[in-house]
Amino acid sequence: MTSPSLTSSNRRIVVLTGAGISKESGLDTFRDADGIWSRVSLEEVATPEGFRSDPAKVQAFYNARRRQLQDSEVEPNPAHAALGRLSRALGDDLLLVTQNIDDLHERGGADPVLHMHGELLRARCLACGADSLWRADIDRDSRCSVCGATGQLRPHVVWFGEMPLEMERIYAALADCDLFVSIGTSGNVYPAAGFVAEAREAGAHTLELNLEPSEGATLFAEKRYGPASELVPAWVEEVLAETGKDTGLAE
């Protein structure tokens, strides 16, 4: 089954991606049976309270993940490359929203990418509120590149109990989209899990691309299951054929 034609009114697409798209690049997911939360207490490393209680432990957790992300073996997979191709072809008609804090979409050629849960390769200053590119470890001697304050940096990551980023922009896009696609998500983390309902309410066609049915699978009009590295390139080929906007730069 293919998506409705996108050559006329069905032009605005919102794509949401989750950990499943990055797992094929070698990054751990959080909610799988063997995922990160099965080994580490989220209350200790992913809450404002945990950071206040033991900032060194929290920094060490994210330092390790930041180093892993920059390992030479972690590379964008065909799903990231396909979405990069779609981004170049559709421009403003596509909003790519990700729950992931890695930079694999950017390395796959997508621009812009809206990181609703923040970015691992950025640091936020508690003194001035600015965030900036940060690839090194963060410790108590790290200095903010904006205001110069020392010992005031935290990962630019949305923790449990904090508001995801760019929500106004996301809801506006969902209210105006013609197609909503969810890729590699568990469907049990809100507010992202509620995006499909928002898109349906706006009259959009909805499509789930996932390794297996998510918790919200019944809300999608169309579902396809299998590896993201296979499903996403195939779907992107369909969209580009329907829109006639192929850049000719297949990755």
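Residues numbered from 1 in each chain as written. Predicted model: local features only at pLDDT ≥ 70, side-chain atom pairs only at ≥ 80, totals over all residues. Heavy atoms only, no water.

1. A look at the state of the cysteines
Now for step 1: The tally for this structure, following the rule as stated, stands at zero disulfides.
Now for step 2: In this model Cys125 remains outside any disulfide bridge; the closest cysteine sulfur is found in Cys147, 3.7 Å from its own.
Now for step 3: Taking relative accessible area as the criterion, Cys125 reaches 2% and is therefore assigned buried.
Now for step 4: Considering cysteine sulfurs only, Cys125 is the nearest to Cys144, which forms no disulfide, with 3.7 Å between them. (Disulfide = S-S within 2.5 Å. Buried < 20%, exposed > 50% of the residue type's maximum accessible area, 1.4 Å probe, protein only.)

2. With respect to the sheet that holds strand E7 (residues 179–183)
Now for step 1: With parallel pairing, the six strands of this open sheet are ordered in space as E3-E2-E1-E7-E8-E9. The sheet is open, and its two borders are formed by strand E3 (114–115) and strand E9 (222–225), each paired with just one other strand.
Now for step 2: Note: strand E8 (residues 205–210) against E9, four bridges, orientation parallel. Following the sheet pairing, Leu209 is matched in E9 by Arg224.
Now for step 3: Packed on one face of the sheet, helix H7 (residues 167–175) meets strand E1 (13–17), strand E2 (94–98), E3 and E7 and runs near 135° to E2.
Now for step 4: Sheet contacts for helix H9 (residues 228–243): E1, E7, E8 and E9; angle to E8, the most-contacted strand, approximately 150°. (Pairing = 2+ DSSP bridges. Helix = DSSP H or I, 4+ residues; strand = E, 2+ residues; numbered from the N terminus. Contact = heavy atoms within 4.5 Å. Axes fitted to C-alpha atoms, helices over the stretch in contact; angles between N-to-C directions.)

3. Brief notes about the sheet that holds strand E5 (residues 131–133)
Now for step 1: Spatially, the three strands line up as an open sheet ordered E5-E4-E6, and their pairing is antiparallel. This sheet does not close on itself; its edge strands, each paired only once, are E5 and strand E6 (153–157). Each strand of the sheet is rotated relative to its neighbour by a mean of 45°, with strand direction disregarded.
Now for step 2: Where strand E4 (residues 118–125) and E6 come together, five bridges link them in antiparallel fashion. Paired with Cys125 across the two strands is Leu153, which belongs to E6.

4. Thoughts on H9
Now for step 1: With 16 residues, H9 extends 22 Å from end C-alpha to end C-alpha; this agrees with the ideal 22 Å at 1.5 Å per step.
Now for step 2: Tucked inside the fold, the buried residues of H9 contact E1, helix H1 (19–23), helix H5 (78–90), E7, E8 and E9.
Now for step 3: Positive backbone phi, at 70°, marks Gly244, one or two positions downstream of H9. (Expected span 1.5 Å × (residues − 1).)

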